[in-house]
Amino acid sequence: MYSKSGLGKIITIEMHVDSKNDHTVRKKILAISYLFPNPEKPNHGIFVYNRLNAMAKYADITVINPIPWSPIHLFIDKFKHLSHIPSSTQRGNLSIYHPRYLSIPGHFKALEILSYRNAVKKVIKKIRFDFDLIDLHWTFPDLPAGDYLSNRYHTPYRVTLRGMEAFHQQDGDIRERTVAKYLKKVDSIISLSEEMADTADRIASSRHKTKVVRNGVDTDAFFYKDKTACRNNLEIPSENKVIIGVGALIYRKGFDVVINALSHIVNTEALHNTHFYILGAEGAEGDYRKELRKLVFDLQLSEHVHFVGAVPNEKLIDWYNAADLFCLSSRGEGSPNVLTEALACGCPALATKVGSVPEIMASEPNLGKVVSPDDNLAIVNALIMLLQQDLNREELAKSFRKYTWDWCSLQCI
């Protein structure tokens, strides 16, 4: 059972049997997250949905996903779609509420603490508070709202750290100070990686109440398929060596590092036919497409680098199975879904040592290699080695099938 007196301990939900009625009592969880999919952006924060939807097999979960609003949102292209999101939706096993909160893009972040809390309170008033845990899936402005509800209803709250950006150290403003303050107060923390757990501990001495649980993978959507068939579907020549990268075209994803490495790889006799396919479009952190295209032009790699654009999630399985190698070249991550998706398809990987990558790549043998971010020489050498190896991809996929979202959710219940 939950108790506010459990401060400083890892909180878990225990199912118990009511002897009088002889049935299992399901716990009730209120999940709050700024980061969550919606009908306009169905894959935005899909990993939050995947965990909560899996947890809903074992507990009753209600989701509040506040949506930023201001009079100027309709005049900014990247925010226009927000006005089309309904006040409530249903997806999978989850009921989701989308109240609006006042947010001026790029300004007055202190105001969001109050407006976000008020948006959550409006939903609570409507549905009535009857929960055993307040489960936060982002830090700002989620943490102050969670702390308010925790004190108001004497219910414990926890937060999941989903990326280094969740600490807001890159902002250096009230968001960073607020996160540091409430990480000291929150009852428990789930971190997607040891890296983030250590960072939180340096900020808030929180290691004693932190559990590391990386993301799962949807093995019903990502699994081994015949490489030749997938290449035929995508019209990729069978004789080519294929590297793929998946993610928003932003600096943090490090696609430039792979492009630089490719200039050396195509000069290797056995790998002159190597091609790099980049799957992704502009991201919330900016647009790095112009810089990437210029680098490709300068290095004379136009025939070897292919900008595919955004690819629907359900189409990624063919790309993972068609590739010889998946490359995660990021300079920062939480628990990268694209890496586990590729591995679940049996595609070996080269990945940088960020977020939960070390834990993922050490979970089974022969998954690939891990290198430091921006270590150009190590990345070139690893790519050359991995592109020339011959693995049993079907066995690799089978070995990784155990790391499902159900496996993840059971560690969070």
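One can find the structure itself at the top, above this paragraph.
The model shown is predicted, which means the values in this text are computed figures rather than measured ones.

Q: Help me understand the pattern of salt bridges in this model?
A: Charged atoms that come close allow side chains of opposite charge to pair. Inspection of every chain in the model, using the stated rule, returns 23 salt bridges. Across the pair Asp 374 and Arg 331 runs a salt bridge whose closest N-O atoms are separated by 3.0 Å. Of this pair, Asp 374 sits in the loop between strand 18 (368-371) and helix 12 (376-387) while Arg 331 sits in the loop between strand 16 (325-328) and helix 10 (337-344); the two residues are 43 residues apart in sequence, bridging distant segments of the chain. Taken together, the shared-partner salt bridges connect Asp 171, Asp 173 and Arg 175 into one network.

Q: It is not clear to me how helix 1 (residues 46-55) should be interpreted in this structure. Could you clarify?
A: Every α-helical turn comprises 3.6 residues, leaving residues that sit three or four positions apart pointing alike. Burial analysis of helix 1 places nine of its 10 residues in the buried class, the great majority of the element. Those residues of helix 1 that fall on the buried side of the exposure criterion are Ile 46, Val 48, Tyr 49, Asn 50, Arg 51, Leu 52, Asn 53, Ala 54 and Met 55.

Q: Teacher, can you tell me more about the side chain of Ser 191 here?
A: By the secondary structure assignment, Ser 191 is in strand 11 (residues 188-191). Judged by relative accessible area, Ser 191 falls into the buried class, the value being 0%. A distance of 2.6 Å separates a polar atom in the side chain of Ser 191 from the backbone oxygen of Ser 193. The residues contacting Ser 191, other than those within four sequence positions of it, are Leu 161, Met 196, Ala 197, Thr 210, Lys 211, Val 212 and Val 213.

Q: Sorry if this is basic, but what is going on with the nonpolar core here?
A: Nonpolar side chains in soluble globular proteins tend to end up buried together. Counting residues in hydrophobic clusters, the biggest one holds 34 residues, and the most contacted among them are Ile 244, Val 246, Tyr 320, Phe 326, Leu 339, Leu 343 and Phe 400. Breaking this core down by element, the ones donating at least two residues are strand 13 (241-246), strand 14 (274-279), helix 9 (316-322), strand 16, helix 10, strand 17 (349-352), helix 11 (357-362) and helix 13 (393-400). With 31 residues, the next largest nonpolar core counts Ile 134, Leu 143, Leu 161 and Ala 200 among its residues.

Q: What am I meant to see in the sheet that holds strand 18 here?
A: The pairing of strands in a sheet happens through backbone hydrogen bonds and is either parallel or antiparallel. Reading across the sheet, the six strands line up as 15-14-13-16-17-18 and stay open at both edges, with parallel pairing between neighbours. In the strand order of this sheet, the two ends are held by strand 15 (305-309) and strand 18, each with one partner. Looking at each pair of strands side by side, their axes are set apart by 20° on average, direction ignored. Here strand 17 runs beside strand 18; their pairing, made up of four bridges, is parallel. When the bridges of strand 18 are listed, Leu 350 appears paired with Lys 369.

Q: Can you help me understand the sheet that holds strand 9 (residues 133-136) in this one?
A: One open sheet accounts for eight strands, arranged 6-7-4-3-9-10-11-12; its pairing is mixed. Of all the strands in the sheet, just strand 6 (88-91) and strand 12 (210-212) have a single pairing partner and so form its edges. Taking each pair of neighbouring strands and ignoring which way they run, the sheet shows an average axis angle of 20°. Sheet analysis places strand 11 next to strand 12, joined by three bridges and oriented parallel. Pairing of Ile 189 across the sheet is with Thr 210, part of strand 12. Packed onto the sheet, helix 2 (residues 109-127) meets strand 3 (28-32), strand 4 (60-64) and strand 7 (94-97) and runs at close to 140° relative to strand 4.

Q: Any chance you could explain helix 4 (residues 174-185) here in plain terms?
A: The first and last C-alpha atoms of helix 4 sit 17 Å apart over 12 residues, in line with the 16 Å expected at 1.5 Å per residue. Those residues of helix 4 that are buried are in contact with helix 2, helix 3 (142-153), strand 10 (157-161), strand 11 and helix 5 (194-204).

Q: Can you help me understand unusual backbone geometry in this one?
A: Most peptide bonds are trans, and most residues other than glycine sit at a negative phi. In this structure, Pro 141 follows Phe 140 across a cis peptide bond, with omega equal to 5°. Tracing the backbone shows Pro 141 in the loop between strand 9 and helix 3. Unlike most non-glycine residues, His 168 shows phi in positive territory, near 55°. Here His 168 shows up in the loop between strand 10 and helix 4. A relative accessible area of 8% places His 168 in the buried class. Here Asn 366, not a glycine, exhibits a phi torsion of approximately 60°, which is positive. When its relative accessible area of 59% is taken as the criterion, Asn 366 is described as exposed.

Reading the values: the criteria
Residues numbered from 1 in each chain as written. Predicted model: local features only at pLDDT ≥ 70, side-chain atom pairs only at ≥ 80, totals over all residues. Heavy atoms only, no water. Salt bridge = Lys/Arg side-chain N within 4 Å of Asp/Glu carboxyl O. Helix = DSSP H or I, 4+ residues; strand = E, 2+ residues; numbered from the N terminus. Buried < 20%, exposed > 50% of the residue type's maximum accessible area, 1.4 Å probe, protein only. Polar contact = N/O pair within 3.5 Å; in protein donor to acceptor, adjacent residues only side chain to side chain. Contact = heavy atoms within 4.5 Å. Core = buried A, V, L, I, M, F, W, Y, C linked by side-chain atoms within 4.5 Å. Pairing = 2+ DSSP bridges. Axes fitted to C-alpha atoms, helices over the stretch in contact; angles between N-to-C directions. Expected span 1.5 Å × (residues − 1).

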